Structure formats: C-alpha cells, structure tokens
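# Structure assessment
If you want the building blocks of each chain, they are given just below.
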Amino acid sequence: MLTGREILIYLCIKYKGDWRRIYKAVHTRERYSSNEIKETISKIGSKIITLLDDDYPDFFKKSYCPPFVLFYHGDISLISDYDKLLGVAGSRICSDDGIEMTRRLMEEIGNEFIILSGLSIGIEATAHKSLMNAGGKCVAVLDSEINYPYPDENTYLYEE
C-alpha cells in the first residue's frame, strides 16, 4: 500500500516539479504503478520533506502554490529562522563594482543573516561565496534537479 507522501514524491519527479500537473494528477487520482513509484523513490540521493510532513517549513506553506516536495541537502532548519533570512537576487552579468560591493556587504553581514538565493552566476554566486568565507550560512533554492545543479559553473558552491 502506497502512502500519500510516496505518491507526492513520485509525481514531483514525474512532472519535474510542475505544480499544476502535480495538482491535477492528485485531484484526478491518476493511476500509479506501486513498483514504479518504489523504484523511482529508491533512486533519490537527497533528503525529502513533503507538504504532508509535520516538519514541512512554514516559510513555504504560506505561499500561494507551496511546493509539494522539497528535496534538500544540508540543514533545512535554516529556512525557518525568518528573522535572519535575507534574499539575494542579482545580475548574472555584473560589473566589477557590483561584485566588490556584494563581497563587502557579505563580509559585514557575516553570520548575522542567512542568505537565500537561486545560486545563479554573478551577484548571487558572489554573495554565497563571500558569506561562506565570512563564516555565514546560505540557502540555495534551485530550479534544477538537486543532484545536477545549474549552472555548472557554480557546482563547487553547491557542493560547499
């Protein structure tokens, strides 16, 4: 017998995180193969929290279309400290001045804040690297499969 949690994980992988398609599959009670679901889940190389789990972060529950499943590495509790979260978004093609200003800002922030970004090249990658060098903590929200982060240039940051 499959659990709702297993079905959500499977659908998230099957539909590559497409919220509407996952919702439709749940709503219409799409048919699944138990063996296919078990096999798919057995290949996942990360930790998982679903919307059905008690420890699913409130941070995401409050959004309009919360992710059904979070695949993660590291310390998921970092995104629960709302008072310390600081979003960083920046240009991928940026000036030397932009890079330097980001470095300085992250050095000043140190471990007072936890930055959250998409880990894109440019300002976001600079922020992550600089804050980690200053002893701070970071969260990267990826729009790619967790074990194959995009862009490739930031794989070293992803691994850190």
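Everything in this summary refers to the structure shown in the same document. (Residues numbered from 1 in each chain as written. Predicted model: local features only at pLDDT ≥ 70, side-chain atom pairs only at ≥ 80, totals over all residues. Heavy atoms only, no water.)

Attention now moves to helix α1 (residues 4–14). Among all positions of α1, only Glu6, Ile7, Leu8, Ile9, Tyr10, Leu11 and Cys12 are buried. Each element contacted by the buried residues of α1 is listed here: α2 (19–27), α3 (34–42), β1 (47–50) and β2 (69–72). A positive backbone phi angle near 50° is found at Lys16, which sits one or two residues after α1. (Buried < 20%, exposed > 50% of the residue type's maximum accessible area, 1.4 Å probe, protein only. Helix = DSSP H or I, 4+ residues; strand = E, 2+ residues; numbered from the N terminus. Contact = heavy atoms within 4.5 Å.)

Taken in spatial order, the three strands line up as β3-β4-β5 in an open sheet, and their pairing is parallel. With partners counted over all chains shown, the strands left at the sheet margins are β3 (85–87) and β5 (137–140), one partner each. Strand-to-strand twist of the sheet, defined as the mean angle between neighbouring strand axes without regard to direction, takes the value 30°. Of the strand pairs in this sheet, β3 and strand β4 (residues 114–117) are connected by three bridges, and their pairing is parallel. (Pairing = 2+ DSSP bridges. Axes fitted to C-alpha atoms, helices over the stretch in contact; angles between N-to-C directions.)

Counting residues in hydrophobic clusters, the biggest one holds 14 residues, and the most contacted among them are Leu11, Ile22 and Val69. Elements with a contribution of two residues or more to this core: α1 and α2. Per element, the largest residue contribution to this core is six residues, and it comes from α1. Setting aside chain neighbours within four positions, we find Val69 in contact with Leu8, Ile9, Cys12, Ile48, Ile49 and Thr50. Grouped together as the second largest cluster of nonpolar side chains are eleven residues, Ile49, Tyr72, Ile114 and Leu116 included. (Core = buried A, V, L, I, M, F, W, Y, C linked by side-chain atoms within 4.5 Å.)

This next bit is on the pattern of salt bridges. Under the defined criterion, the tally for this structure stands at seven salt bridges. A salt bridge links Glu6 to Lys38; the shortest N-O distance between them is 2.8 Å. One end of the pair, Glu6, is in helix α1; the other, Lys38, is in helix α3, with 32 residues separating them in the sequence. For Glu6, a relative accessible area of 18% puts it in the buried group. In this structure, Asp58 engages Lys61 in a salt bridge whose closest nitrogen and oxygen atoms are separated by 3.8 Å. (Salt bridge = Lys/Arg side-chain N within 4 Å of Asp/Glu carboxyl O.)

This part takes up helix α6 (residues 123–133). An α-helical turn contains 3.6 residues, so a residue and the one three or four places further along point in the same direction. Most of α6 sits out of view: eight of its eleven residues are buried. Of the positions making up α6, those classed as buried are Ile123, Glu124, Ala125, Thr126, Ala127, His128, Ser130 and Leu131. Gly135 sits one or two positions beyond α6 and adopts a positive phi of about 90°.

The subject of this paragraph is the pairing of β4. Every second residue of β4 is oriented toward a common face, with Ile114 and Leu116 on one face and Ile115 and Ser117 on the other, all of them buried. A crossover connection joins β3 to the parallel β4 through helix α5 (residues 96–109); in handedness this β-α-β unit is right-handed. Pairing geometry for β4 and β5, over four bridges, is parallel. By the bridge assignment, Ile114 is partnered in β5 with Lys137. Once the chain exits β4 it traverses α6 before rejoining the sheet at β5, and the crossover so formed is right-handed. (Right-handed = clockwise from strand over helix to strand, strands pointing away.)

Attention now moves to the layout of surface pockets. One simple way to see leftover space: roll a probe sized like a water molecule over the atoms. Put simply, the largest pocket is a space of about 1,400 Å³. Phe71, Tyr72, Ala140, Leu142 and Ile146 are, among the 43 residues lining the largest pocket, the residues nearest its centre. Only α1, α2, β2, α6, β5 and α7 (155–159) provide two or more residues apiece to the lining of the largest pocket. Residue composition of the lining of the largest pocket, grouped by class: 27 nonpolar, nine polar and seven charged. (1 Å grid on protein atoms, 1.4 Å probe; cavity = no way out; pocket = protein on both sides within 12 Å on 5 of 7 lines; lining within 4 Å. Points joined across faces, edges and corners; volume = space filled by probe spheres on them. Nonpolar A, V, L, I, M, F, W, Y, C, P; charged D, E, K, R; others polar.)

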